[in-house]
Amino acid sequence: MTDNEGRQALRRALYRRLHWLWPLLASSRVRSALRGLAWTGFALWLAFAALVLVLRYAVLPNVAHFQPQIESAIGRAIGQRVTIGRIEARWQGLNPDLVLDQVAIVNPQGEQVFALQRVETVLSWHSLWRARPILALLVIERPVLHVRRERDGRITVAGIETESEGDPAFSEWVLHQRRIRIRDATVVWEDRLRNAPPLALEDLQFGLDNRGRRHRFGLTAAPPTELAARVDLRGEVEGDPGEALADLSGRLFLQLDYADLAGWKAWVDYPVGLTQGRGALRAWVDFGEGLGRLTTDLALDAVRIRLGPKVPELDLQSLRGRLSGRYRVGAWRVAGNNVELQTGDGLRVPATDFQLEWQQDQHSGKVTGTAGINFADLGVLSRLADFIPLDLR
């Protein structure tokens, strides 16, 4: 078939498929409507081009004159009063880019509770039809955030009480921004209730990407080197801030290559007695639709632990393996894969798989379940039972 014959065949095929459209397009009303749509689109394009030109050559070069309006708009968006020391305007592609220096958040009493050295905001054109500031990018550099628990149990973040003074408008505004980046931050935790020394997480890097109801985030931070290696936390959550926790869904990942478990006792209450130990872990969490799953790879060394007040302390030389749990309404499952341990007195359990499942009847409350294990040295299990608080009374 020649090129000319191919074109003729294509025309005939298009005509057969679209022949119903020709009488419609011949209608004067349809032609008028299409012409009106074309002119409307052209007018909107001209209006947008004019807006860009006005912003580029009239508004942004004189952005300092609009500083009070900008402070007011940001304050309304986050639910707190905001002051700005200096504003610099530039462009990132077709988006206006504002660099704010010496940004301060002020509480209702007029006290400065949080200060930022430098904030970069790239404005999204979505702000036009949403009638509120929507950012394509928000970058905060080198902030220092103080989180404190008072002696009466109240929690304050940058001097703002999380329960009494918090404004849900702020969390809603954060989850409507496209991209948020926090670089080289420091978070200081002060626990006056425990009378613990301040705990600082340094070199904190945080990223948050929002797409409608889907929110993806990543965080890395460096605790004091004597307590732990760098923390890596990532996750994806689907839902809105006003929804109940049970209505959210998502997944989380946590990695910690080293931690001095006993060293954290100044800030953490363990459910068991722990006097010594170090370890590493990786954990995966999935939740949603009434179902929760947790999978953890553990590596513990030199752990001295007491599981109950009436049992002796267990000297655990090492523990390796994968532990997992699953929950849904009325049903639970705990399992271990390739779990091996060795105690200080030479007791050893080789790589072992086990599982335990139980269910509770919603009407009678009766609990039933099953258990299985592929390690059957009853002597070793009997000696380990001495360290487990089997008497629950």
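Scope of this entry: the structure provided in the associated data block. (Residues numbered from 1 in each chain as written. Predicted model: local features only at pLDDT ≥ 70, side-chain atom pairs only at ≥ 80, totals over all residues. Heavy atoms only, no water.)

## What about the pattern of salt bridges?
If you walk through the whole model with that rule in mind, you get 24 salt bridges. Here Glu-236 makes a salt bridge to Arg-214, at a shortest N to O gap of 3.3 Å. Taken as a pair, Glu-236 in strand β11 (residues 231-238) and Arg-214 in strand β10 (residues 214-222) lie far apart in primary sequence, 22 residues in all. Exposure remark for Glu-236: the relative accessible area of 16% places this residue in the buried category. By relative accessible area, Arg-214 is classed as partly exposed at 40%. The partner of Arg-216 in a salt bridge is Glu-236, and the shortest N-O contact between them spans 3.5 Å. Of this pair, Arg-216 sits in strand β10 while Glu-236 sits in strand β11, and the two are 20 residues apart along the sequence. Shared partners join several salt bridges into a network, and the residues in it are Arg-214, Arg-216, Glu-236, Glu-238, Arg-251 and Asp-286. (Salt bridge = Lys/Arg side-chain N within 4 Å of Asp/Glu carboxyl O. Helix = DSSP H or I, 4+ residues; strand = E, 2+ residues; numbered from the N terminus. Buried < 20%, exposed > 50% of the residue type's maximum accessible area, 1.4 Å probe, protein only.)

## Quick notes on the packing of aromatic side chains
Throughout the structure, instances matching the rule amount to 4 aromatic pairs. For the pair Tyr-327 and Trp-332, a centre-to-centre distance of 5.9 Å together with 45° between the ring planes defines the contact as tilted. Its relative accessible area of 38% is what places Tyr-327 among the partly exposed residues. With a centroid separation of 5.9 Å and 15° between ring planes, the pair formed by Trp-332 and Trp-358 is classed as stacked. One end of the pair, Trp-332, is in strand β16 (residues 331-343); the other, Trp-358, is in strand β17 (residues 348-360), and 26 residues separate them in sequence. Classification of Trp-332 by relative accessible area gives partly exposed; the value is 28%. Trp-358 gets classed as partly exposed once you look at its relative accessible area, which sits at 27%. (Phe/Tyr/Trp six-rings, centres within 6.5 Å; stacked < 30°, edge-to-face > 60°.)

## Remarks on the pairing of strand β13 (residues 273-288)
Direction of pairing for strand β12 (residues 249-260) relative to β13: antiparallel, over a ladder of 9 bridges. Each bridged residue has a counterpart across the sheet, and for Arg-251 the counterpart in β13 is Asp-286. Linking β13 back to strand β14 (residues 291-306) in an antiparallel pair, the connection comprises 2 residues, with Glu-289 at a positive phi of about 55°. (Pairing = 2+ DSSP bridges.)

## Some remarks on the nonpolar core
Ranked by internal contacts, the top residues of the largest apolar core, which has 21 residues, are Ile-84, Ile-87, Leu-100, Val-103, Val-119 and Leu-138. When residues of this core are traced back to their parent elements, those giving at least two are β1 (81-92), β2 (95-106), β3 (112-123), β4 (135-141) and α6 (168-174). For Leu-100, the contacting residues outside a window of four places in its chain are Ile-74, Ile-84, Arg-86, Ile-87, Gln-117, Arg-118, Val-119 and Thr-121. Among the nonpolar cores identified, the runner-up in size contains 15 residues, and Leu-300, Leu-341, Leu-384 and Phe-387 belong to it. (Core = buried A, V, L, I, M, F, W, Y, C linked by side-chain atoms within 4.5 Å. Contact = heavy atoms within 4.5 Å.)

Scope: geometric values only; no functional claims are made or implied.
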